[in-house]
Amino acid sequence: MSRRGENIRKRKDGRWEGRYYMQEPETGRKVSRSVYAKSYGELREKLLAAKKQAETLAVRKKRDSMLSFGEVAEEWLMTIESEKKHATYMKYRTVYEIRIREKLSSRSFAELDDDIMAEVFQCNGTEVLSDSLRKSISCVLNQVISYAVSRYHVMMPRYACQRQRVASKPVEVLNQTEQAKLMQCLYDQMDIYKLGIVVCLSTGLRLGEICSLKWEDIDMESKILHVNKTVQRIAVSGGQGRTTLLEGEPKSIFSKREIPLSDQLIKLLSPYYGTEDEYVINRKKPMEPRTYQNKFQKYLQDAGVKKKNFHALRHTFATNCIGSGADIKSLSEILGHSDVKITLNRYVHPTTETKRQHMNSLAAVYGQLVGQE
């Protein structure tokens, strides 16, 4: 028997059923839903809760239809400006303004779906987005969505960006012959700029770290180099393409580290130590990274070595350490990595000589098995 005005009835199986109406999130149509209980009192409570939830969803749906992605994105950027490093904030803002704003800012959260959000990854002409850039775009998208969920209770899942399958670029490492040529060039009429390259090849410092290295960061007595700062050129907010050289904290908390220096490196640094200069390779201010990158290219050219990125010095250092028997944990801490997996997967590149040694060792084992020396 049904209860008049309540949409409640007792079923033949003895259970109580209550019906209510709600707006379907996907289509916006008004649909009927049912709840069940063993008693009339229990059903009334469940029915009231279901109706209240349906009303809440309807209110959210209406609000989401008015709340634009651009409004929330700008609010999120204002929030993180004081929380993140300035370089990180500017990276997020640049990605949003160049890659996302035009396509999504006027869209409401109610109309956003995977197909619409995938538009930000579409390229014009022959442009191909690198996996790194796609990852940055996806990161900004999901952080804006997460902010909307926590701040406005928007009902929306994170966006899962599909990585494009492109061949990864081979990692640049200087082979033994190239290293010999470069070192001969650096030791020939060595100056502080050439010495900076030797320091990178001997410690694995990043470009920004060597450019911001101060003499006070080098403890000549303890033979320890302290990595405390880095420098990079970043965009100026609202600067219409303008950039500024920013000196700040290293890449991560793990990047602030201590690196033991060899006796040979201390010997090379000693003639330059104790001057009134504040910075190691640029006296009174940080070195412009692009300028030092160009100097490195000039040294490669003078040495007869083909052009390589400055980061190749860091990869070469890591490869040499493994080749000389360094344990992976020590190397990981010297490089300033948060996880040894990063060191193994990105920075350890066995040379042909190392592989040949392994093959010869294996051949020697087989030789002993058949009685050959």
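These remarks concern the structure in this document. Every chain begins its residue count from 1, and numbering advances along the sequence as written. Given that the model is predicted, a residue must reach a pLDDT of at least 70 before its local features are reported, and side-chain atom pairs must reach 80 or more before they are shown or counted; all residues, however, enter totals for whole chains, interfaces and linings. Side-chain numbers here rest on the full set of heavy atoms in the structure, without hydrogens or water.

1. A few points about the overall build of the protein
Phase 1: Secondary structure elements are taken from DSSP: a helix is a run of H or I of four residues or more, a strand is a run of E of two residues or more, and numbering for both begins at the N terminus. Per the secondary structure count, the protein includes 14 helices and 9 strands.
Phase 2: A buried classification covers 38% of the 373 residues belonging to the protein.
Phase 3: Here the protein has roughly 23,100 Å² of accessible surface; of this, 49% comes from carbon and sulfur atoms. Only protein chains enter the calculation, and the probe is 1.4 Å; a residue is then buried if its accessible area is under 20% of its type maximum, exposed if over 50%, and partly exposed in between. Shrake-Rupley sampling with a 1.4 Å probe provides the accessible areas, and residues are treated as covered by the protein chains on show and by no other component.

2. A look at the sheet that holds strand β9 (residues 257-260)
Phase 1: Strand order in the open sheet formed by 3 strands is β5-β6-β9, and the pairing between neighbours is antiparallel. If you trace the sheet from one side to the other, it starts and ends with β5 (218-219) and β9, each paired once.
Phase 2: The pairing of β5 with strand β6 (residues 224-227) spans 2 bridges and is classified as antiparallel. For Ile218, the partnering residue across the bridge sits in β6 and is Leu225. When DSSP locates at least two bridges between a pair of strands, those strands are taken to pair.

3. Remarks on helix α10 (residues 289-303)
Phase 1: For α10, which comprises 15 residues, the first-to-last C-alpha distance of 21 Å matches the rise-based estimate of 21 Å (1.5 Å per residue) to within 8%.
Phase 2: The criterion used for residue contact is that any of the two residues' heavy atoms lie within 4.5 Å. Considering only its buried residues, α10 is in contact with α6 (176-187), α7 (192-203), α8 (207-211), β7 (230-235), β8 (243-248) and α11 (312-323).
Phase 3: Phi for Gly304, located one or two positions after α10, is positive at around 75°. To estimate how far a helix should extend, the number of its residues minus one is multiplied by 1.5 Å.

4. Topic: unusual backbone geometry
Phase 1: Phi is positive for Gln189, which is not a glycine, with a value near 55°.
Phase 2: Considering the arrangement of structural elements, one finds Gln189 in the loop between α6 and α7.
Phase 3: Accessibility expressed as a relative area gives 71% for Gln189, which makes it exposed.
Phase 4: Unusually for a residue other than glycine, Lys223 sits at a positive phi of about 60°.

5. Observations regarding the packing of helix α12 (residues 328-335) against helix α13 (residues 340-347)
Phase 1: Between the N-to-C directions of two axes lies an angle of 0 to 180 degrees, each axis being a line fitted to C-alpha atoms and, for a helix, fitted only over the stretch in contact. Running from N to C, α12 and α13 cross one another at 90°; their axes reach a closest spacing of 9 Å. Between α12 and α13, the interaxial angle falls into the category roughly perpendicular. Where α12 approaches α13, its residues Ile328, Lys329, Leu331, Ser332 and Leu335 are matched on the opposing element by Val340, Thr343, Leu344 and Tyr347.
Phase 2: Each residue belonging to the contact of α12 with α13 can be placed in one class, and the counts come to 6 nonpolar, 2 polar and 1 charged. Roughly parallel refers to an angle under 35 degrees, roughly antiparallel to one over 145, roughly perpendicular to one between 65 and 115, and oblique to any angle outside these ranges. For this classification, the nonpolar set comprises Ala, Val, Leu, Ile, Met, Phe, Trp, Tyr, Cys and Pro, the charged set comprises Asp, Glu, Lys and Arg, and every other residue, Gly included, is treated as polar.

6. Here's the deal with the packing of α7 against α10
Phase 1: Where α7 contacts α10, the two axes come as close as 11 Å, and the packing angle between them is 90°. Looking at the two axes, α7 sits roughly perpendicular to α10. Touching Tyr193, Lys194, Gly196 and Ile197 of α7 are Tyr292, Lys295, Phe296 and Tyr299, all from α10.
Phase 2: Residue classes in the contact of α7 with α10 are distributed as 5 nonpolar, 1 polar and 2 charged.

7. As for helix α3 (residues 86-104)
Phase 1: The sharpest bend along α3 comes to roughly 45°, located at Glu97.
Phase 2: Within α3, the full set of buried residues consists of Ala87, Tyr89, Met90, Tyr92, Arg93, Val95, Tyr96, Ile100 and Leu104.
Phase 3: In this fold, the buried residues of α3 make contact with α2 (69-80), α4 (114-117), α5 (131-152), β7 and β8. One fitted axis covers the seven residues ending at a residue, a second covers the seven starting there, and the bend at that residue is the angle between these axes.

8. What to know about a positive patch on the surface
Phase 1: Like charges within 9 Å and nonpolar side chains (Val, Leu, Ile, Met, Phe, Trp, Tyr) within 5 Å are joined into patches, using only residues over 30% in relative accessible area that form no salt bridge. The term salt bridge refers to a pairing of a side-chain nitrogen on Lys or Arg with a carboxyl oxygen on Asp or Glu at a separation within 4 Å. Note that His is not counted, nor are the chain ends; the positive residues are Lys and Arg, and the negative ones are Asp and Glu. Taken as the charge location is NZ of Lys, CZ of Arg, CG of Asp or CD of Glu. A grouping of Lys91, Lys135, Lys251 and Arg346 is seen on the molecular surface, where their side chains present a positively charged patch.
Phase 2: The topology assignment puts Lys251 in the loop between β8 and β9.
Phase 3: Look at Lys251 and you get exposed, because its relative accessible area is 64%.

9. Quick notes on the pattern of salt bridges
Phase 1: Counted under the stated rule, the structure contains 19 salt bridges.
Phase 2: Of the charged contacts, one joins Glu17 and Arg19 as a salt bridge, the two residues approaching to 3.3 Å between their closest N and O atoms.
Phase 3: Residue class for Arg19 comes out partly exposed when judged on its relative accessible area of 43%.
Phase 4: With a shortest N-O distance of 2.8 Å, Glu209 and Arg206 are connected by a salt bridge.

10. With respect to the packing of aromatic side chains
Phase 1: Stacked, tilted and edge-to-face pairs are distinguished by plane angle, under 30 degrees for stacked and over 60 for edge-to-face with tilted covering the rest, among Phe, Tyr and Trp rings (Trp via its six-membered ring) whose centres lie within 6.5 Å. For the coordinates displayed, the defined rule picks out 6 aromatic pairs.
Phase 2: Plain terms: the ring middles of Trp215 and Tyr273 are 5.8 Å apart, the flat faces sit at 75° to each other, and that makes the pair edge-to-face. Here Trp215, found in the loop between α8 and β5, pairs with Tyr273, found in the loop between α9 (263-269) and α10; they are 58 residues apart in sequence, far enough to count as distant.
Phase 3: Given a relative accessible area of 7%, Trp215 falls into the buried group.
Phase 4: Put simply, a charge is over a ring when the Lys NZ or the Arg CZ is close to the ring centre, within 6 Å, and near the line of the ring normal, within 35 degrees. Sitting above the plane of the Tyr36 ring, Arg15 keeps its charged end 4.7 Å from the centroid.
Phase 5: Taking the ring centre of Tyr193 as reference, the NZ or CZ of Lys295 above it sits at 4.3 Å.

11. Notes on the pairing of β9
Phase 1: Here β9 shows a buried face lined by Arg257 and Ile259 and an unburied face lined by Glu258 and Pro260.
Phase 2: Pairing between β6 and β9: 4 bridges, direction antiparallel. The residue bridging Val227 from the neighbouring strand is Arg257, located in β9.

12. Observations regarding the nonpolar core
Inside soluble globular proteins, nonpolar side chains tend to come together where they are buried.
Phase 1: Leu205, Ile210, Ile218, Leu225, Leu269, Tyr292 and Phe310 are the most contacted members of the largest nonpolar core, which totals 40 residues.
Phase 2: Listing elements by their share of this core, those giving two or more residues are α6, α7, α8, β6, α9, α10 and α11.
Phase 3: At 7 residues, the largest contribution of residues to this core is made by α7.
Phase 4: When neighbours within four sequence positions are excluded, Tyr292 is seen to be in contact with Tyr193, Gly196, Ile197, Leu207, Ile210, Cys211, Ile281, Met287 and Phe310.
Phase 5: Each nonpolar core is a collection of buried residues, namely Ala, Val, Leu, Ile, Met, Phe, Trp, Tyr and Cys, held together in the definition by side-chain atoms within 4.5 Å. Counting 34 residues, the second-largest nonpolar core is a separate cluster that includes Met90, Leu112, Ile116 and Tyr147.

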